[in-house]
Structure formats: structure tokens, C-alpha cells
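For reference, the chains in residue letters:
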Amino acid sequence: MNSKKNRSTMRLLGSQVKAARMAAGLTQRQLAERAMVDEETIASIEQGRRRLMLSLAKTLDLILDTKGTLAAGVDNLPEIDQFPLYAEEYMLHEREAIALSWYDALVVPGLLQTEEYARALLSNRLPAYDEDELATKLAGRISRQEILHRKNPPTMSFVVWEPALLWPNGGREVHREQLRALREYSELPGLSLQILPLNRTSHVGDAGPFILLETPDHQHLAYTDSQRGSQWVSDPDEVSILTRRYAMLRTQALTIEDSRSLLDRLLGE
């Protein structure tokens, strides 16, 4: 893949958005308000600094009367070097989220993984990554954790099924270091970490992991992951179901304080 070609195409699409906006007599702020996104989003797209996502392209086509031109341009964008389109779109929203709720059942949530834990996970992928791919994926995963420490971090809630904490991924020392990191994360302001105990006879998370997030313009979205791939969930009814499921998981999980105590016991063992 040619990264220069990718950036060039993004700039071309951005210039098309700008030309159509100006032809419609709209400022960036006015277009952003009509599209229900941040003004900075429009500015970044027009300057070629940000990829135009298909859902927004379709919205802009309607507002600017560009008759599907922008959506067609997105369809012709080269694939992203590091991540597939759905994952890049998720990470874009993740970076800007004002609230994030994450349920995981098999592994520690990606935003809370140590580098060595993440390396062990990615190294076990089948088909395997080559050395360069592994380094790129690892760097991308760790860089996402910047949102935990930004000036105004999102409100974050994590519910993790206990087996994810018992699995010694990467070996004893990597496992212990990951548990220590989780214990430290559990003290961050605005972050809640709850463990769903293994001794529960039933819970509503048996369909697998998912993430809920709220964007700066108050869109509520969800993201699900499975063996067959990952997908966005933007339909309000489907997001509502996952939101209610997450609320139930929080009541079925240990309290924040008891979850810290369980981490302390695991570290003691």
C-alpha cells in the first residue's frame, strides 16, 4: 500500500468537500451543525488531515447536494496501512469520546493492556503477523492509551469477566504486571473497573464483548467483536439493547471496591 497515495486521495476528497461547501454558501461551522459533528471535524477533513468516513460522506452528499460524489470518493480510498476501515473509524471515535463503556470476557480491554501483555496477545494471532506488522499493531494499540491521560479524559467504565484476569497470558511475570497495572488504573479519577465474578451462575454478557461510546456531538454508538469480525452498531434500537445489557452487567459485577480487593487477592496469590 502506498501511504502517499492515501494522503493524496484524502486531500483531494477534502478539497471536494470544501468546494461543495463554499458553493452551497456555508461556513465550516454551519456545515458542521447541519451534519451534527464538530466544526474541527469538517476543518480536518477539508485539510486532508482526517479520513472522511462513509456515514458522514453520505450525510454531506445530502446536505451539499453532491449526488453521491463524496460517498463514491470514500469507496475509492486506498485501504489504511495499519487498520481496516471499521477499526480506524472506531479508533477515531474512541480518541474523541466523552464517555466509554467496555465489557470484555476473554482478555483485558485493549485500553488497559500493558505493552508486554498486548505483545503476547498479538504474537499468538493466527495467521501470524510478520515482524513489521506486529510492531505496527503493537504501537497502534499502546498509542490509544493516550486518552487515559489526556487533559479532559472521557468518563470510562470497564466490566471484565474474571477468567480474563486468571489467564496467565505471556507467562507469570507478564500476568502479574498486567494485574498490577489494572490495580493502578482502578484508582484513576473518572475510571471505574468492575470484575464480573466467575461464581455467578448467570449474566447477560454471554454473547461476547462490546463497547459503548458517546461522541462529542452526543451520538451513542456501539462496537462488537467476535470470531467472524467486528462491526459498528449505530441503529438506536440495537444500541439501546446493548446499553441496557451493560447497565445490567454493572449490577451483576462486583462493586468498584470489591473489584479492587479481588485484584489485591490475585496479586497476593
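Our structure's up above, just so we're on the same page.
All of these numbers come straight from a predicted model, not from anything done at the bench.

Engineer: Pulling in residues and values, what's your account of the packing of aromatic side chains?
Structural biologist: Tallying each qualifying case throughout the model produces three aromatic pairs. For the pair Trp102 and Phe158, a centre-to-centre distance of 6.0 Å together with 35 degrees between the ring planes defines the contact as tilted. Residue Trp102 is located in strand E1 (residues 99–104), and its partner Phe158 is located in strand E2 (residues 155–161); the two are separated by 56 residues in the primary sequence. Take Trp102 and Phe158: they sit in the same class, and that class is buried.

Engineer: Let's hear about the packing of helix H7 (residues 115–123) against helix H8 (residues 131–143): which residues, and what values?
Structural biologist: Relative orientation of the contacting elements H7 and H8 amounts to 140 degrees, with a least axis distance of 10 Å. Compared by their axis directions, H7 and H8 come out oblique. In the crossing of H7 with H8, the sense of the turn from one axis to the other is right-handed. The residues of H8 that touch H7, namely those facing Glu115, Ala118, Arg119, Leu121, Leu122 and Ser123, are Leu134, Lys137, Leu138, Arg141 and Ile142.

Engineer: Which residues make up the side chain of Gln113, and what are the values?
Structural biologist: Summarising the element assignment, Gln113 is placed in the loop between E1 and H7. Gln113 sits in the buried class, given a relative accessible area of 3%.

Engineer: Break down the environment of Ser240 for me, citing the residues and quoting the values.
Structural biologist: When you line up the elements, Ser240 lands in helix H11 (residues 236–252). Separated by 20 residues in the primary sequence, Ser240 and His220 place their C-alpha atoms 8.9 Å from one another.

Engineer: For the pattern of salt bridges, give the residues involved together with the corresponding values.
Structural biologist: Proximity of charged atoms lets side chains of opposite charge pair with each other. Throughout the structure, instances matching the rule amount to 10 salt bridges. A salt bridge links Glu116 to Arg119; the nearest nitrogen and oxygen atoms lie 3.5 Å apart. Of the two residues, Glu116 and Arg119 are both situated in helix H7; the distance of three residues between them amounts to about one turn of the helix. For the salt bridge of Asp264 with Arg183, the shortest nitrogen-to-oxygen distance reads 2.8 Å. Here Asp264, found in helix H12 (residues 256–268), pairs with Arg183, found in helix H10 (residues 172–185); they are 81 residues apart in sequence, far enough to count as distant. Of the residues examined, Asp264 reaches a relative accessible area of 39% and is grouped as partly exposed.

Scoring rules and cut-offs
Residues numbered from 1 in each chain as written. Predicted model: local features only at pLDDT ≥ 70, side-chain atom pairs only at ≥ 80, totals over all residues. Heavy atoms only, no water. Phe/Tyr/Trp six-rings, centres within 6.5 Å; stacked < 30°, edge-to-face > 60°. Helix = DSSP H or I, 4+ residues; strand = E, 2+ residues; numbered from the N terminus. Buried < 20%, exposed > 50% of the residue type's maximum accessible area, 1.4 Å probe, protein only. Axes fitted to C-alpha atoms, helices over the stretch in contact; angles between N-to-C directions. Parallel < 35°, antiparallel > 145°, perpendicular 65-115°, else oblique. Left-handed = near helix turned anticlockwise from the far one by under 90°. Contact = heavy atoms within 4.5 Å. Salt bridge = Lys/Arg side-chain N within 4 Å of Asp/Glu carboxyl O.

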